[in-house]
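# Examining the three-dimensional arrangement
This is what each chain is made of:
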Amino acid sequence: MAYQKRVADVISSSLAASVKVPITRQQEHLMEIATSIENLFEGITHLAEALKTIPHDDEDKASFHMHAKVVSSMSEVRKHSDHLETIVDDDLWPLCKFSEMLFLR
């Protein structure tokens, strides 16, 4: 969220300047960041709910639930996390990026 704040601060500074500065794309980028973060949190919530509802009394039901609910929730979390990884500045991303794990820099 530090990156989101950084982008928002740049937009606020631009709006406060007496010179009219084009910021439409910056505002769109901020919206993309905020939406991705919201979607990530929503995905994490769905994943937590899916993990809580695993039927422990029947292995067949449990495996079906894992495939139908847990894996799909994990995929959603991964999708939004991967997207954020591509747009957040490297100095603010706390983990190794996927590309860094594949191709050592």
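Structural data are supplied above this passage.
Keep in mind that what you see is a predicted model, and the values were worked out from it rather than measured.

Attention now moves to helix α2 (residues 24–52). Owing to its 3.6 residues per turn, the α-helix brings residues three or four apart onto one side. With 29 residues, α2 should cover 42 Å at 1.5 Å per step; its first-to-last C-alpha distance of 42 Å lies within 8% of that length. Taken residue by residue, α2 has Ile-33, Ser-36, Ile-37, Leu-40, Gly-43, Leu-47 and Ala-50 as its buried positions. Where the residues of α2 are buried, they touch α1 (2–16) and α3 (59–87).

One finds Tyr-3, Val-7, Ile-33, Val-70, Leu-84, Ile-87 and Val-88 to be the most contacted residues of the largest nonpolar core, which totals 17 residues. For this core, the elements supplying multiple residues, two or more each, are α1, α2 and α3. Once residues lying within four places of it in the same chain are set aside, the contact partners of Ile-87 are Tyr-3, His-29, Glu-32 and Ile-33.

Another point: the layout of surface pockets. If you add up the space inside the largest pocket, you get close to 200 Å³. Looking at the largest pocket, it is lined by 13 residues, and the ones nearest its centre are Met-1, Ile-37, Leu-84, Val-88 and Trp-93. Going through the elements one at a time, α1 and α2 are the ones with two or more residues in the lining of the largest pocket. Ranked by the residues each element gives to the lining of the largest pocket, the list is headed by α2, at 4 residues. When its residues are assigned to classes, the lining of the largest pocket shows 12 nonpolar, 1 polar and no charged.

Across its 29 residues, α3 extends 40 Å between first and last C-alpha, which sits within 8% of the 42 Å expected from 1.5 Å per residue. At Met-66, α3 is deflected by roughly 35°, the largest bend along its length. Taken together, the buried positions of α3 are Ala-62, His-65, Val-70, Ser-73, Val-77, His-80, Leu-84, Glu-85 and Ile-87. Buried positions along α3 lie against α1, α2 and α4 (98–102). The backbone nitrogen of Asp-60 lies 2.9 Å from a side-chain oxygen of the residue at the head of α3, namely Asp-58.

The rules behind these values
Per-chain numbering applies: the sequence of each chain, read as written, is numbered from 1 onward. Whole-chain, interface and lining totals are the exception, using all residues; otherwise, since this is a predicted model, local features are given only for residues with pLDDT of at least 70 and side-chain atom pairs are given and counted only at 80 or more. Each side-chain value is derived from all of the structure's non-hydrogen atoms; neither hydrogens nor water enter the calculation. Only runs of H or I of at least four residues qualify as helices and only runs of E of at least two qualify as strands under DSSP, and these elements are numbered from the N terminus. One less than the residue count of a helix, multiplied by 1.5 Å, gives the span that helix is expected to have. For every residue, the accessible area obtained with a 1.4 Å probe (protein chains only) is divided by the maximum for its type, and the residue is called buried under 20%, exposed over 50%, and partly exposed between those limits. Contact between two residues is taken to exist if any of their heavy atoms lie within 4.5 Å; hydrogens are not considered. We call a set of buried Ala, Val, Leu, Ile, Met, Phe, Trp, Tyr and Cys residues a nonpolar core when their side-chain atoms join them within 4.5 Å. Grid points spaced at 1 Å over the protein atoms alone were grouped into cavities, where a 1.4 Å probe fits but cannot get out, and pockets, open sets with protein on both sides within 12 Å along at least five of seven lines, with lining residues defined by an atom within 4 Å of a point. Grid points are joined across faces, edges and corners, and a volume is the space filled by probe spheres set on the points. Only Asp, Glu, Lys and Arg are considered charged, only Ala, Val, Leu, Ile, Met, Phe, Trp, Tyr, Cys and Pro nonpolar, and every remaining residue, Gly among them, polar. Note that the bend at a residue is defined as the angle between axes fitted to the seven residues ending at it and the seven residues starting at it. N or O atoms within 3.5 Å of each other form a polar contact, as long as, within protein, one can give a hydrogen and the other can take it, and as long as residues adjacent in sequence are counted only when both atoms are side-chain atoms.

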